[in-house]
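Read off the chains here:
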Amino acid sequence: MIRERESGSINGVHLEQERRKGFGVLLPIVEIDPSRNGENITQPKLFTIIEKKSKPETGKIAGQISFPGETAKIHNEPMGDNIIGGIAEVTDNDYTIRNNIFFMRDSSFIKERIFINGNPFDMAILIHVGPFDNAIKPVDVNEVSPNGPMTIQEIRRKDPTRDSRIVRRIVHQVADLEDSEGLIRRVVSDFFNFPTLRIPLRAILPDGFSSIRDFFQERERTVDVIGSLSKPSLSS
């Protein structure tokens, strides 16, 4: 039985109290489709969004294909809170959040491997069980719109020249990491091979969480930690 948020850790994953340098979190979310069989591991489909607003301090350009994510609201913000903030770019369905999204204890969390303007961002690779079709309606409709699931290969074909107007550069960073280390494939493989290590996202919902809409609205009252982010560079 999962002990939620006890002593700042969840089944050994210290997400609540652990200090972190990351300025935010990126959320590659894999759709597990039973009809795809082995393709779930070899060519995982990832939920993608379209950025609706440009934001130079975080490298966003309106119209880009991206992954959901969230800039931290305070320095050393607990990763769990940061992840739930990013979920507002994915779904407004609280049932989906509590019951259909999982992480893997030993492989889902990658620290400080994604960079925007030279500043480190964390990555949380999550698993969504079932088709995205009916569950996806972002709360944060002013910032993003859903673009549907895509494989890394499909993303690369959309933007073979790495034109930053088409695909956000951090997505290309994830694709490069996947080519070299297979981080996403490993999480999906672990999901199938080690079911006892699956932990539902509800295990890291903040204390007093009532709905993703309420959480998002409260979060929007706080300014992002972006003051120390430099101007956009070619490495973002």
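It should be emphasised that the depicted structure is a prediction, and the values quoted were computed from it without experimental measurement.

**Notes on the overall build of the protein**
Tallying secondary structure elements over the protein gives seven helices and eleven strands in all. Within the protein, the proportion of its 236 residues that are buried is 56%. Looking at the protein alone, contacts between residues at least 24 apart form 77% of all its contacts between residues at least 6 apart.

**With respect to unusual backbone geometry**
Non-glycine residue Asn37 carries a positive phi angle of around 50°. Position of Asn37 relative to the elements: it lies in the loop between strand S2 (29–32) and helix H1 (39–42). Residue classification places Asn37 among the exposed positions, given a relative accessible area of 57%. Residue Arg162 is not a glycine yet carries a positive backbone phi of 55°. Inspection of the secondary structure assignment puts Arg162 in the loop between helix H4 (152–158) and helix H5 (169–181).

**Some thoughts on the pairing of strand S6 (residues 101–104)**
Of the two faces of S6, both are covered, the one formed by Ile101 and Phe103 as well as the one formed by Phe102 and Met104. Here S6 runs beside strand S9 (residues 126–129); their pairing, made up of two bridges, is antiparallel. Opposite Ile101, over in S9, you have His128 as the bridge partner.

**Describing the side chain of Asp140**
Note that Asp140 resides in the loop between S9 and strand S10 (144–150). For the buried Asp140, no salt bridge is present, and the opposite-charge side chain at shortest range is Lys60, 6.5 Å distant. Setting aside anything within four residues of it in sequence, one finds Asp140 in contact with Ala88, Glu89 and Phe216.

**Focus: the packing of H5 against helix H6 (residues 183–193)**
Packing of H5 against H6 brings their axes to within 6 Å, and their N-to-C directions diverge by 65°. On the basis of the axis angle, H5 is roughly perpendicular to H6. Two secondary-structure elements touch here, H5 through Val174, Leu177, Glu178 and Glu181 and H6 through Leu183, Ile184 and Arg185. Looking at side-chain class alone, the contact of H5 with H6 contains four nonpolar, no polar and three charged residues.

**So, the packing of helix H2 (residues 79–87) against helix H7 (residues 212–219)**
Put simply, H2 and H7 touch, their axes get as near as 9 Å, and they point 110° apart. Accordingly, the angle class assigned to the pair H2 and H7 is roughly perpendicular. Facing Asp81, Asn82, Ile84, Gly85 and Ile87 of H2, the residues of H7 in contact are Ile212, Phe215 and Arg219.

**Considering the sheet that holds strand S7 (residues 109–116)**
Pairing is mixed across the open sheet formed by four strands, whose spatial order is S5-S1-S8-S7. Both edges of this open sheet fall to strand S5 (69–71) and S7, since each of them pairs with a single strand only. Geometrically, the sheet is characterised by an average inter-axis angle of 35° between neighbouring strands, direction not taken into account. One ladder, built from five bridges, connects S7 with strand S8 (residues 119–124); its direction is antiparallel. Of the residues in S8, the one forming a bridge with Phe115 is Pro120. Along the sheet, H2 contacts strand S1 (24–26), S5, S7 and S8; its crossing angle with S5, the most-contacted strand, is approximately 125°.

Parameters at a glance
Residues numbered from 1 in each chain as written. Predicted model: local features only at pLDDT ≥ 70, side-chain atom pairs only at ≥ 80, totals over all residues. Heavy atoms only, no water. Helix = DSSP H or I, 4+ residues; strand = E, 2+ residues; numbered from the N terminus. Buried < 20%, exposed > 50% of the residue type's maximum accessible area, 1.4 Å probe, protein only. Contact = heavy atoms within 4.5 Å. Pairing = 2+ DSSP bridges. Lys, Arg positive; Asp, Glu negative; His and termini not counted. Salt bridge = Lys/Arg side-chain N within 4 Å of Asp/Glu carboxyl O. Axes fitted to C-alpha atoms, helices over the stretch in contact; angles between N-to-C directions. Parallel < 35°, antiparallel > 145°, perpendicular 65-115°, else oblique. Nonpolar A, V, L, I, M, F, W, Y, C, P; charged D, E, K, R; others polar.

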